[in-house]
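Listed here are the chains, written in short residue letters.
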Amino acid sequence: MIAASIAGSGSVPTHRAAEPEPAGTVTVVDLDGLPEVDFGDTENELTRRGVLRTDVDACGPALTDHETVTPIFVDDRLVLLWVGDPVRTPEGVAAGTPLTEVRHRYPNARHLDAPPGRYRFDGLLARDGDRAYLFLHDGRTVRKVIAGYADWAQRAFEEGHGPC
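Please read these numbers as outputs of a predicted model, since none were measured by experiment.

K.L.:
Just checking my understanding: could you explain unusual backbone geometry for this structure?
P.N.:
Both trends apply: most residues other than glycine have a negative phi, and most peptide bonds are in trans. Note the cis peptide between Asp-85 and Pro-86, where omega equals 20 degrees. With respect to the secondary-structure elements, Pro-86 resides in the loop between strand S6 (77-83) and helix H2 (99-105).

Listed below in structure tokens is the structure:
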């Protein structure tokens, strides 16, 4: 269901080009989302505001100005953001952060074991109410950060869905 929800709808004028973040820029994803993108926003609203592009050659809609962030929608609502470097949590965790630092910054994070016999990463789920960060890791470092609704992050981990 998550993978199927990635397909976007709506259109963005083709003259609007993505403007990547300048080198050295650090974007922060918190448990509300990004500065201009909130969890629960609709695809249509984000497209209308020019924040979401559906005219790109990607596995689904893409956020303008955020090349390393992939939005995941379910029933037209933003439920997760898969983020890569240079995007960080407010506590400074990003892809490449040592796992010892993640455990220090999120001491209540719950360890999740990847199913045996599959090529998937283990996870740490740092939950705060109905929102969470899911840190996928290789036992040493964070490989991917996922932020959003805790139930959807848990479900994505258990079912093994990715952004594409």
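K.L.:
What is the right way to read helix H3 (residues 150-159) from this model?
P.N.:
It helps to recall that an α-helix has 3.6 residues per turn; residues three or four apart then point in one direction. Three or more residues of H3 are buried, namely Ala-150, Trp-152, Ala-153, Gln-154, Ala-156 and Phe-157. Turning to H3, the residues buried within the fold contact strand S5 (69-74), S6, strand S7 (110-112), strand S8 (122-128), strand S9 (131-137) and strand S10 (142-149). Where H3 ends, the next residue or the one after it, Gly-160, has phi of about 75 degrees, a positive value.

K.L.:
Looking at this model, I keep getting lost on the pairing of S9. Mind explaining?
P.N.:
Two faces, one strand: in a regular strand the side chains alternate between the faces of the sheet. Where burial is concerned, most of S9 is hidden: seven out of the seven residues are buried. Burial along S9 is two-sided: Arg-131, Tyr-133, Phe-135 and His-137 facing one way and Ala-132, Leu-134 and Leu-136 facing the other are all buried. As paired elements, S8 and S9 share seven bridges and run antiparallel to each other. The partner of Leu-125 across the bridge, within S9, is Leu-134. Between the end of S8 and the start of S9, which pair antiparallel, lie two residues, with Gly-129 showing a positive phi angle near 65 degrees. With seven bridges connecting them, S9 and S10 associate as antiparallel partners. Note on S10: the bridge partner recorded for Leu-134 is Ile-146.

K.L.:
Looking at this model, I keep getting lost on the side chain of Thr-64. Mind explaining?
P.N.:
By the element assignment, Thr-64 lies in the loop between strand S4 (62-63) and S5. Within polar-contact distance, the side chain of Thr-64 engages the backbone oxygen of Gly-50 at 3.1 Å.

K.L.:
It is not clear to me how the nonpolar core should be interpreted in this structure. Could you clarify?
P.N.:
One broad trend across soluble globular proteins is that nonpolar side chains are buried collectively. Counting 44 residues, the largest nonpolar core has Leu-63, Leu-80, Leu-81, Val-102, Tyr-106, Leu-134 and Phe-135 as the members making the most contacts within it. Broken down by element, this core gets its largest block of residues, six residues, from S6. Excluding residues within four positions of it along the chain, Leu-63 makes contact with Leu-34, Val-37, Val-51, Leu-52, Val-69, Pro-71 and Leu-81.

K.L.:
For this particular structure, what's the right way to read the environment of Tyr-119?
P.N.:
In this structure, Tyr-119 sits in the loop between S7 and S8. Among the residues examined, Tyr-119 registers a relative accessible area of 78% and is labelled exposed. For the pair formed by Tyr-119 and Gly-160, sequence separation is 41 residues and the distance between their alpha carbons is 9.8 Å.

K.L.:
Would you mind showing me how to read the sheet that holds S10 here?
P.N.:
Pairing between sheet strands relies on hydrogen bonds along the backbone, with the strands arranged either parallel or antiparallel. What the six strands build is an open sheet, ordered S5-S6-S10-S9-S8-S7; its pairing is antiparallel. Of all the strands in the sheet, the pair left with one neighbour each is S5 and S7. Neighbouring strand axes in the sheet, compared pairwise and without regard to direction, differ in orientation by 20 degrees on average. Here H3 sits on the sheet in contact with S5, S6, S7, S8, S9 and S10, set at roughly 170 degrees to S8.

Reading guide: rules and limits
Counting restarts for each chain: residues are numbered from 1 in the order of the written sequence. The model is predicted, so local features are restricted to residues of pLDDT at least 70 and side-chain atom pairs to those at 80 or more, both for listing and for counting; the totals for chains, interfaces and linings are taken over all residues. As a rule here, side-chain values cover all heavy atoms of the structure and leave hydrogens and water aside. Helix and strand labels come from DSSP, where a helix needs a run of H or I of at least four residues and a strand needs a run of E of at least two; each type is numbered from the N terminus. Throughout this description, buried means an accessible area under 20% of the type-specific maximum (1.4 Å probe, protein chains only), exposed means over 50%, and partly exposed covers the range between. What makes two residues a contact is simply this: any of their non-hydrogen atoms within 4.5 Å. Strands were regarded as paired on the criterion that DSSP finds at least two bridges between them. Counting of polar contacts relies on pairs of N or O atoms within 3.5 Å, with two restrictions inside protein: one atom must be capable of donating a hydrogen and the other of accepting it, and residues adjacent in sequence are counted only when both atoms are side-chain atoms. We define the nonpolar core as a collection of buried residues of types Ala, Val, Leu, Ile, Met, Phe, Trp, Tyr and Cys that are connected through side-chain atoms lying within 4.5 Å of one another. For helices, the axis comes from a line fit to the C-alpha atoms of the stretch in contact; other axes are also lines fit to C-alpha atoms, and the angle between any two N-to-C directions lies between 0 and 180 degrees.

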